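Fold and geometry: a report
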Amino acid sequence: MATDLTVPRTAARLDVAPIQRRTMRLLFTTQIIGGVGVTIGISVGALLAARIAGTAVAGVAQSAGVVGAALLAVPVTRIMARHGRRPGLVLAYAVGAVGGVLVVLAAATRSVPLLFLGMLLFGGGTAANLQARYTAVDLAEPARRGRQLSLIVWATTIGAVAAPNFAALADRVTTGWGLPPLAGPFAFSATAFVLASVVLLGLLRPDPLLTARRLAAADAPPTPAGPPGGATRDGAAPNAAEAPAGGGAGPATAPVGARAPRAAGMRLAWSVVRGQPAARLGIAAVAIGHLVMVAVMAMTPVRLGESHADADVLRLVGIVLSLHIAGMYAFSPVVGWLTDRLGRRAVILGGVGLLLAACAVAGTAGHHTPRLSVGLVLLGLGWSGTMVAGSTLLSESVSAGVRPSVQGFSDLIMGLAGASAAVLSGFVMQLAGYPVLTLLAAVATVPLVALALRPVPTGAPGEED
């Protein structure tokens, strides 16, 4: 069955191609800007929180940004479902900018509640960066979805690598303006988010999601009127919840999924995902891959601190985490190419294999830093495999009418999984140690392996099994 992402008419493809190229160039640019904004703040967030609220709650304040990104996915995707990608992305970056300003005010007033609120809203920048990867595949051709999604993920590498080097400069410049120490990077983050939102507001036209819906409506045959309550779905067809709200069948010229349902939200997303095995696998790949990565990565600096002097820890943490980030993002175009060539499920299983290898290498590394570094690189590569392939599979397994809601639901689950892993990993580390933590992280992949190996009816032309 053709999905709404597929536009089989040659004329339509010729019209869509320049729009998609323009969209990709714009997203690539704003992803770099947004990546700088997110990373430059995160790089000093824990230090600022420790000075304002104390070391004990510094990690909790840092996690507020993760939770904020997860929670903001709900209203952002609701707006996207109704009005398209552009207003949703603009809102997310604008909320992140407000969060950055509040963190600066918290630093000036040493207000802990204001710090937590600012960090929570600062997650809007992360939410926008995550949603951008889905925007890249709204008009992508089936054979190039994985590669185009991965290019937007890869663009984050530029911002993530460059931003920490700007943090010290931003702090020096803004201290001269009268801002407190460590507040300057958040002022620069807010500026970057405002710039990204202005660029998207002015240039993301036509909206790729709305364009995909119009093409789907033009391409689909007329839908005959059905019985009250809407048509019944089978396991691979678009969900019945995608029909217009109100119980009856839609107009004869409106295909299912071509329009945004009035009840677009997390409840609708859950009902759609329950009826789509491929969507469940995509969400599970993204969430479990993120959970394993965060659980192991979060405690790696603590592991390094157990065997190195304080003077060496920060330098080693910087090197090891830089290698880890390179594993996450630098090879994502290759992962996207493999996703298109080998199939979504094969790359998901490959990502799980890399995550298991990472847990084995890091967990048995002891205090051997080079081996631990290898484990963290493998961890980043495994995350990349589950993220790129899982996001691609999820996007193409549901129709355009409900796609933003389902994608937002996925980001919500991913964010909550990461935040939970960050909190629980500290307790596990304290009670049982790093090797046990990596073992439990490896065990967490079992449900994903079971889902990936389960035979699933193919509901999307891009999945090759």
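Quick caveat: nothing in here was measured; it's all calculated off a predicted structure.

So, on to the overall build of the protein. Summing up its helical and strand segments, the protein has 16 helices and 0 strands in all. Restricting to contacts in the protein with at least 6 residues of sequence separation, those with at least 24 account for 83%. Total accessible area on the protein stands at roughly 18400 Å², and carbon and sulfur atoms take up 70% of it.

Quick look at the packing of helix 11 (residues 332-342) against helix 13 (residues 369-396) now. Two elements in contact, helix 11 and helix 13, have axes whose closest approach is 9 Å; the angle formed by their N-to-C orientations is 45°. In terms of orientation, helix 11 and helix 13 fall into the oblique class. Of the two possible hands of crossing, helix 11 and helix 13 adopt the one that is right-handed. Contact residues: Ser332, Val335, Gly336 and Thr339 in helix 11; Ser384, Gly385, Val388, Ala389 and Thr392 in helix 13. For the contact of helix 11 with helix 13, the residue count by class is 3 nonpolar, 6 polar and no charged.

Tracing the chain through its elements places Ser425 in helix 14 (residues 403-432). Among the residues examined, Ser425 registers a relative accessible area of 1% and is labelled buried. Leaving out residues up to four positions away in the same chain, Ser425 has contacts with Ala295, Ala298, Met299 and Leu437.

To continue, consider the pattern of salt bridges. Considering all chains together, one arrives at 7 salt bridges under this definition. A salt bridge links Arg145 to Glu396; its shortest N-O distance comes to 2.6 Å. With Arg145 in helix 5 (residues 145-176) and Glu396 in helix 13, this pair connects stretches of sequence that are 251 residues apart. Judged by relative accessible area, Arg145 falls into the buried class, the value being 0%. Between Glu396 and Arg344 there is a salt bridge whose closest N-O contact spans 2.8 Å. Remark: Arg344 occurs in helix 12 (residues 344-363) and Glu396 occurs in helix 13; sequence separation between them is 52 residues. Using a relative accessible area of 0% as the deciding quantity, one classes Glu396 as buried. On the basis of relative accessibility, which here comes to 1%, the residue Arg344 falls in the buried class.

It is worth spelling out the packing of aromatic side chains at this point. Taken as a whole and assessed by the stated rule, the structure comprises 6 aromatic pairs. When the ring of Tyr329 is compared with that of Trp383, the centres are 5.5 Å apart and the planes differ by 75°; the resulting orientation is edge-to-face. Separated by 54 residues along the polypeptide, Tyr329 in helix 10 (residues 310-329) and Trp383 in helix 13 bring together distant segments of the chain. With respect to burial, Tyr329 and Trp383 carry one shared label: buried. Following the ring pairs from residue to residue traces out a cluster consisting of Tyr93, Phe122, Phe186 and Phe193.

Right, let's get into helix 3 (residues 85-109). Here helix 3 contains 25 residues, and its C-alpha end-to-end distance of 36 Å stays within 8% of the 36 Å for a straight helix at 1.5 Å per residue. Looking one or two residues past helix 3, Arg110 carries a phi angle of roughly 55°, positive in sign.

With an omega of -5°, the peptide bond running from Arg205 to Pro206 counts as cis. Structurally, Pro206 can be placed in the loop between helix 6 (184-203) and helix 7 (208-219). One non-glycine residue with positive phi stands out, namely Arg110, at about 55°. Inspection of the secondary structure assignment puts Arg110 in the loop between helix 3 and helix 4 (112-135).

Bringing the environment of Ala269 into the picture now. By the element assignment, Ala269 lies in helix 8 (residues 266-274). Judged by its relative accessible area of 0%, Ala269 is buried. Remark: the alpha-carbon pair of Ala269 and Arg403, spanning 134 residues in sequence, is separated by 8.3 Å. Ala269 has contacts with Ser405, Val406 and Phe409, leaving out every residue within four places of it along the chain.

This part takes up the side chain of Ser397. Here Ser397 is to be found in the loop between helix 13 and helix 14. Polar contacts involving the side chain of Ser397 include one to the main-chain carbonyl oxygen of Leu394, which spans 3.0 Å.

This part covers a nonpolar patch on the surface. A cluster of nonpolar side chains, namely Leu71, Leu117, Leu120 and Leu416, defines an oily patch on the protein surface of about 310 Å² accessible area. In this fold, Leu117 is placed in helix 4. Given a relative accessible area of 40%, Leu117 falls into the partly exposed group.

Of all hydrophobic cores here, the largest spans 50 residues; its most connected members are Val292, Ile348, Leu372, Leu379, Tyr434 and Leu448. At the level of elements, helix 5, helix 9 (277-305), helix 10, helix 12, helix 13, helix 14, helix 15 (434-443) and helix 16 (446-453) are the ones that each hand at least two residues to this core. A total of 13 residues in this core trace back to one element, the largest contributor, which is helix 9. If sequence neighbours within four positions are ignored, Ile348 has contacts with Leu281, Ala285, Thr386, Ala389, Gly390, Leu393 and Leu448.

To continue, consider the packing of helix 12 against helix 13. Two quantities define a packed helix pair, namely the angle between the helix axes and the distance between the axes. It is the contact of helix 12 with helix 13, at a shortest axis distance of 7 Å, that shows an interaxial angle of 160°. Judged by the angle between their axes, helix 12 and helix 13 are roughly antiparallel. Between helix 12 and helix 13 lies a crossing whose hand is left-handed. Taken together, the residues of the contact of helix 12 with helix 13 sort by class into 17 nonpolar, 7 polar and 3 charged.

A few words now on the confidence of the model for the protein. Detailed reading of the predicted model is not advised wherever pLDDT is low. Per-residue confidence for the protein gives a mean pLDDT of 81, with 80% of residues at or over 70. Mean pLDDT per element in the protein: helix 10 is the minimum at 75, and helix 12 is the maximum at 97. In this model, residues 225-259 is a region of pLDDT below 50 whose contacts with residues beyond four sequence positions or in other chains number 56 contacts.

Cut-offs applied
Residues numbered from 1 in each chain as written. Predicted model: local features only at pLDDT ≥ 70, side-chain atom pairs only at ≥ 80, totals over all residues. Heavy atoms only, no water. Helix = DSSP H or I, 4+ residues; strand = E, 2+ residues; numbered from the N terminus. Contact = heavy atoms within 4.5 Å. Areas by Shrake-Rupley, 256 points an atom, 1.4 Å probe, with all protein chains shown as cover. Axes fitted to C-alpha atoms, helices over the stretch in contact; angles between N-to-C directions. Parallel < 35°, antiparallel > 145°, perpendicular 65-115°, else oblique. Left-handed = near helix turned anticlockwise from the far one by under 90°. Nonpolar A, V, L, I, M, F, W, Y, C, P; charged D, E, K, R; others polar. Buried < 20%, exposed > 50% of the residue type's maximum accessible area, 1.4 Å probe, protein only. Salt bridge = Lys/Arg side-chain N within 4 Å of Asp/Glu carboxyl O. Phe/Tyr/Trp six-rings, centres within 6.5 Å; stacked < 30°, edge-to-face > 60°. Expected span 1.5 Å × (residues − 1). Polar contact = N/O pair within 3.5 Å; in protein donor to acceptor, adjacent residues only side chain to side chain. Patch = residues over 30% accessible without salt bridge, like charges linked within 9 Å, V, L, I, M, F, W, Y side chains within 5 Å. Core = buried A, V, L, I, M, F, W, Y, C linked by side-chain atoms within 4.5 Å. pLDDT = per-residue confidence, 0-100.

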